[in-house]
Amino acid sequence: MAMDKLHLYSFVLVAAAMAAHGAHAADSFPDRPIRILQGFSAGGISDTLARLVGDQMQRTLGQPIIVETRPGGGGIVAMTAVTGATPDGHTLLLGNSAITISPNRREKLPFDPMKAFIPVSMIGTSPSVLVANPAFGPKSVPELITYAKSHKGKVDCATSGVGTSNDLAVHLMNTMSAISLTPVRYKGSGPSLTAAVANETPLSFAPLLAAIPHVKQGRLRALGMSSAKRNPALPDVPAISESIPGYEAVGFYSIVAPRGVPAARVKKLHDAINAALGIPEVRKRMESYGVDVTVMTREQFADFMRKDAEKWKKLVHDAQLAL
């Protein structure tokens, strides 16, 4: 009996020590620089947002935030690197639509993107914009639809790459308007926009931030936004949904962590990011990039990703796409 009491007492001491250690770990986190990996070109929207959020996070958390560019595979290279990182909260991913779209690829990944990451914080959504070379005849989405129906399969549209949100935006437009624009995949938004400027392709579907300078300087004509409503960054450009009711194909930007990061650390990161999103100057800058800042709880963010994945899965199935 005495021995049983001794064992029980020892167990209580060990449990208390573990609890104290866990509390200390949560309180001292982060105890070194945090890395945010982003999977697209330097200076692009993912890189820009990671640095903007990171600058504010380091003021709150008291540690440097280092943004690392790991381009390749439409975001897959960065995703793979983060899944292999120690799940202690010091390595994060600038998560985007690659997470919800990549499960539909023919070449299966060594991990399930929808299970490999913990949702930390949503940053916001951003549309793609359909732009045309000024020499292209149609000057609006309705005119484009009429033209495409009489030139079936002969209208090319540059995109940022296979399986990107703007690439799928072309397929969604084809499906919902019974036309057949031909996606021409380039390695990033820069080359895809250059293709339209040079009239290699008459059209390009590209992330809004990258397209804004070309539109404002008259090198390209904006035909429509892929968001449900017009975007303040280019308020005179109609939403495609004004011509194709129900059309919406937006990308999202977020911070996610590898599965296994302790809940207390995830909450600390979530709170720091949401605090950054609440700063008026930060929101204003993001809106100038065409990002619709969207503050969510972690539960709301997880539900958003689930619904986004279901939407793209349905499109890939209905349109019989090979990504």
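As a convention, each chain's residues are numbered from 1 in the sequence order in which they are written. Local features in this predicted model are restricted to residues whose pLDDT is 70 or higher, and side-chain atom pairs enter the listing and the counts only when it is 80 or higher, whereas totals over whole chains, interfaces and linings include all residues. Processing note: side-chain calculations cover all non-hydrogen atoms of the structure and skip hydrogens and water entirely.

Novice: Let's hear about the overall build of the protein chain: which residues, and what values?
Specialist: Each helix and strand in the protein chain was counted, giving twelve helices and ten strands. We call a residue buried when its accessible area falls under 20% of the maximum for its residue type, exposed when it is over 50%, and partly exposed in between, using a 1.4 Å probe and counting protein chains only. Burial statistics for the protein chain: of 323 residues in total, 50% are counted as buried. Residues count as neighbours in contact if any of their non-hydrogen atoms are within 4.5 Å of one another. A separation threshold of at least 6 residues defines the contact pool for the protein chain, and within that pool the share at least 24 residues apart is 75%. Under the DSSP-based scheme used, a helix requires at least four consecutive residues in state H or I and a strand at least two consecutive residues in state E, with every element numbered from the N terminus.

Novice: Give me the packing of aromatic side chains: which residues, what numbers.
Specialist: The criterion for an aromatic pair is that two Phe, Tyr or Trp rings (for Trp, the six-membered ring) have centres within 6.5 Å, with stacked assigned to planes under 30 degrees apart, edge-to-face to planes over 60 apart and tilted to the rest. For the structure on display, the rule yields four aromatic pairs. Taken together, a centroid distance of 6.3 Å and an interplanar angle of 85 degrees make the contact between phenylalanine 111 and phenylalanine 117 edge-to-face. For phenylalanine 111, a relative accessible area of 15% puts it in the buried group. Among the residues examined, phenylalanine 117 registers a relative accessible area of 2% and is labelled buried. Centroid distance phenylalanine 252 to phenylalanine 304: 5.4 Å. Interplanar angle 80 degrees. Geometry classified as edge-to-face. Residue phenylalanine 252 is located in strand S9 (residues 250–258), and its partner phenylalanine 304 is located in helix H12 (residues 298–318); the two are separated by 52 residues in the primary sequence. Within the aromatic cluster, the residues linked to one another by ring pairs are Phe252, Phe301 and Phe304. Counted as over-ring charges are cases with an Arg CZ or a Lys NZ within 6 Å of the ring centre that also lie within 35 degrees of the ring normal. Cation over ring: lysine 311 sits above tryptophan 312, and NZ or CZ is 5.3 Å from the ring centre.

Novice: Go over the nonpolar core, please, and point to the residues and values.
Specialist: Each nonpolar core is a collection of buried residues, namely Ala, Val, Leu, Ile, Met, Phe, Trp, Tyr and Cys, held together in the definition by side-chain atoms within 4.5 Å. Core analysis: the largest hydrophobic core is formed by 31 residues, its most contacted members being Ile36, Met57, Leu92, Ile123, Ile255, Leu269 and Met286. Among the elements of the structure, strand S1 (34–38), helix H2 (45–61), strand S2 (65–69), strand S3 (91–96), strand S4 (117–132), S9, helix H10 (263–277) and helix H11 (280–288) are those that each provide at least two residues to this core. With seven residues, H2 is the largest single contributor of residues to this core. Setting aside residues up to four positions removed in sequence, leucine 269 forms contacts with Phe29, Ile34, Met57, Leu61, Gly89, Leu92 and Val120. Formed by 29 residues, the second largest nonpolar core is a distinct cluster that contains Val170, Leu172, Leu203 and Leu323.

Novice: Help me get a handle on the packing of H2 against H10, residues and values and all.
Specialist: For any two helices packed against each other, the geometry is given by the interaxial angle and the distance between the axes. Helix axes are fitted to C-alpha atoms over the stretch in contact, other axes to C-alpha atoms as well, and angles between N-to-C directions run from 0 to 180 degrees. Running from N to C, H2 and H10 point in directions that differ by 120 degrees, and their axes come no closer than 9 Å. Relative to H10, the element H2 is oriented oblique. Note that H2 runs across H10; the crossing there is right-handed. Side by side, H2 and H10 meet where Val53, Gln56, Met57, Thr60 and Leu61 of the first sit next to Lys268, Leu269, Ala272, Ile273 and Ala276 of the second. In this scheme, roughly parallel covers angles under 35 degrees and roughly antiparallel covers those over 145, while 65 to 115 is roughly perpendicular and the rest are oblique. Crossings are sorted by hand: turned counterclockwise from the far helix by less than a right angle, the near helix makes the crossing left-handed, and turned clockwise it makes it right-handed.

Novice: So, the packing of H2 against H11: which residues are in play, and what are the values?
Specialist: Here H2 crosses H11 at 180 degrees, and the two axes come no closer than 11 Å. The orientation of H2 with respect to H11, classified from their angle, is roughly antiparallel. Contact residues: H2 offers Leu49, Leu52, Val53 and Gln56, while H11 offers Val282, Arg285 and Met286.

Novice: Which residues make up the pattern of salt bridges, and what values do they have?
Specialist: By salt bridge we mean one thing: a side-chain nitrogen of Lys or Arg within 4 Å of a carboxyl oxygen of Asp or Glu. If you walk through the whole model with that rule in mind, you get twelve salt bridges. Across the salt bridge formed by arginine 70 and glutamate 68, the nearest N and O atoms sit 3.1 Å from each other. Two residues, aspartate 167 and arginine 185, come together in a salt bridge whose shortest N-O distance is 2.8 Å. Within this pair, whereas aspartate 167 is found in helix H7 (residues 165–177), its partner arginine 185 is found in strand S6 (residues 182–185), the two being separated by 18 residues in sequence. We classify aspartate 167 as buried; its relative accessible area is 0%. Ionic contacts of the salt-bridge type, sharing partners, join the residues Asp303, Arg306, Lys307 and Glu310 into one network.

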